[in-house]
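# Structural overview for review
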Amino acid sequence: DAGMIILVLLQMAYHLIGDSLHGWGGMILFILITLHNIVDRKWYSGLCKGKYTPVRFFHTVINLLLLVSFLGLATSAVFLSTTLSTFFHLKATLIGRRMHMFFTIWSFVLMSIHVGLHWNMAVSAVKKRMKNSKHLYWTIARITVLPVAVYGLYALISRELLQRMFLMSEYALFDYGESILVCFIDYASILCLFAWFTYCINIFVRQGRKGPH
């Protein structure tokens, strides 16, 4: 899981790592995603079982949309890859580029939301290690997570990702002179923004279902 997150963040710095590394990273990412789905194959077999609460329905929709988005990303990559497009007798077209831009940003956003849905596992692990320092845990969380999420909102707007999400621009404009570290931090902050927001909503809905204490 950590490997997939790191690879996705590096893939978002496509303009800085180059075509070759981007292509190899994409293939490794596809393998990791495939393995991730094989490991979690029991989740698919349980889709038609049990009762669907609003929380479970939301989780299921996000997971299925993420799967579709990754498949769309892999398909559009074939159209853009010189080697693969030659092998399959395909040509890279404007439609292929727009598809790749669309599925790239949505895969990133949906993956961030997916992380947020499972963030409680990481939070629970930290709480267990800091069970005698609950106040310290919440202080650290407020000091770190919230500012990072706020910066993520700034990065989301400044990098014009909303325009790419809704195909409001024909091309993605990149700053080829920026530091790869800055790019990595920006996208990591955006991931944190969506994950944190999803986690908060998830906690709010779950507490609401339990009723007042």
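What you see is a predicted model; the values in this text were computed from it and never measured.

### Looking at the overall build of the protein
A count of helices and strands for the protein gives 11 helices and 0 strands. Secondary structure elements in the protein, listed N-terminal to C-terminal, are α-α-α-α-α-α-α-α-α-α-α. Out of the 213 residues in the protein, the part that is buried amounts to 33%. For the protein, long-range pairs separated by at least 24 residues make up 72% of all intrachain contacts whose partners lie at least 6 apart in sequence.

### Observations concerning the nonpolar core
Counting 31 residues, the largest nonpolar core has Ile105, Phe108, Tyr187 and Ile190 as its most contacted members. Sorting the residues of this core by element identifies helix H1 (2-11), helix H3 (19-39), helix H5 (54-80), helix H7 (94-117), helix H9 (134-158), helix H10 (161-165) and helix H11 (180-210) as the ones contributing at least two each. At 8 residues, the largest contribution of residues to this core is made by H7. In contact with Tyr187, other than residues within four places in its own chain, are Leu9, Met12, Phe108, Arg159, Leu161 and Arg164.

### Things to note about the confidence of the model for the protein
For the protein, per-residue confidence averages 85 on the pLDDT scale, and residues scoring 70 or more make up 83% of the total. In the model of the protein, helix H6 (residues 82-87) stands out as the element of lowest mean pLDDT, 60, in contrast to helix H2 (residues 14-17), which has the highest, 93.

### Describing the environment of Val109
If you trace the backbone, Val109 turns up in helix H7. As for Val109 and Met165, which are separated by 56 residues in sequence, their C-alpha atoms are 9.1 Å apart. Not counting residues within four places of it along the chain, the set of residues in contact with Val109 comprises Met165 and Phe194.

### As for the packing of H1 against H3
Contact geometry for H1 and H3: axes closest at 10 Å, N-to-C directions at 150°. Overall, the two elements H1 and H3 adopt an arrangement that is roughly antiparallel. As for how H1 packs across H3, the hand of that crossing is left-handed. Mapping the contact onto sequence places Gly3, Met4, Leu7, Val8 and Gln11 in H1 and Leu21, His22, Gly25, Gly26, Ile28, Leu29, Leu32, Ile33 and His36 in H3.

### Some remarks on H3
Residues lying three or four places apart along an α-helix face the same way, a consequence of the helix completing one turn every 3.6 residues. The terminal C-alpha atoms of H3 lie 30 Å apart, and with 21 residues this matches the ideal 30 Å at 1.5 Å per residue to within 8%. Every buried residue of H3 is listed here: His22, Gly25, Leu29 and Ile33. The arc that holds every buried residue of H3, seen down its axis, measures 75°, which confines them to one face. Exposed and facing more than 90 degrees away from the buried side of H3 are Ser20 and Trp24.

### Here we look at the pattern of salt bridges
This structure, assessed with the given rule, holds 2 salt bridges. With its nearest N and O atoms 2.7 Å apart, the salt bridge here joins Glu178 to Arg159. Placement of Glu178 in the loop between H10 and H11 and of Arg159 in the loop between H9 and H10 is noted, with a sequence separation of 19 residues between them. The salt bridge involving Arg159 is made with Asp186; its shortest N-O contact spans 2.9 Å. Remark: Asp186 occurs in helix H11 and Arg159 occurs in the loop between H9 and H10; sequence separation between them is 27 residues. In this structure Asp186 comes out as buried when scored by relative accessible area, which is 5%. Here the residues in one salt-bridge network are Arg159, Glu178 and Asp186, joined through shared partners.

### Structural notes on the side chain of Thr60
Among the secondary structure elements, Thr60 is positioned in helix H5. Assessed through its relative accessible area of 9%, Thr60 is described here as buried. Each residue touching Thr60, except ones within four places of it in the same chain, is listed here: Trp43, Leu47 and Tyr52.

Criteria and thresholds
Counting restarts for each chain: residues are numbered from 1 in the order of the written sequence. Only residues with pLDDT of at least 70 are given local features in this predicted model, and only at 80 or more are side-chain atom pairs given and counted; all residues enter the totals for whole chains, interfaces and linings. With hydrogens and water stripped out, all remaining heavy atoms of the structure feed into the side-chain values. Numbering of helices and strands runs from the N terminus; a helix is a DSSP stretch of H or I covering at least four residues, while a strand is a stretch of E covering at least two. Type-normalised accessible area, obtained with a 1.4 Å probe on protein chains alone, sets the label of each residue: buried when under 20%, exposed when over 50%, and partly exposed for intermediate values. Note on contacts: a residue pair qualifies if any of its non-hydrogen atoms lie within 4.5 Å across the two residues. Definition of nonpolar core: a set of buried residues of the types Ala, Val, Leu, Ile, Met, Phe, Trp, Tyr and Cys, connected through side-chain atoms within 4.5 Å. pLDDT is a per-residue confidence score from the predictor, ranging from 0 to 100. Axes here refer to lines fitted to C-alpha atoms; in helices the fit is confined to the stretch in contact. Angles between the N-to-C directions go from 0 to 180 degrees. Throughout this description, any angle smaller than 35 degrees is read as roughly parallel, any larger than 145 degrees as roughly antiparallel, any in the 65 to 115 degree range as roughly perpendicular, and the remainder as oblique. Less than a right angle of anticlockwise turn of the near helix away from the far helix marks a crossing as left-handed, whereas a clockwise turn marks it as right-handed. Helix span, as expected, comes to 1.5 Å for every residue beyond the first. Here the arc refers to the set of directions running from the helix axis out to each C-beta atom. For this document, the term salt bridge refers to a Lys or Arg side-chain nitrogen within 4 Å of an Asp or Glu carboxyl oxygen.

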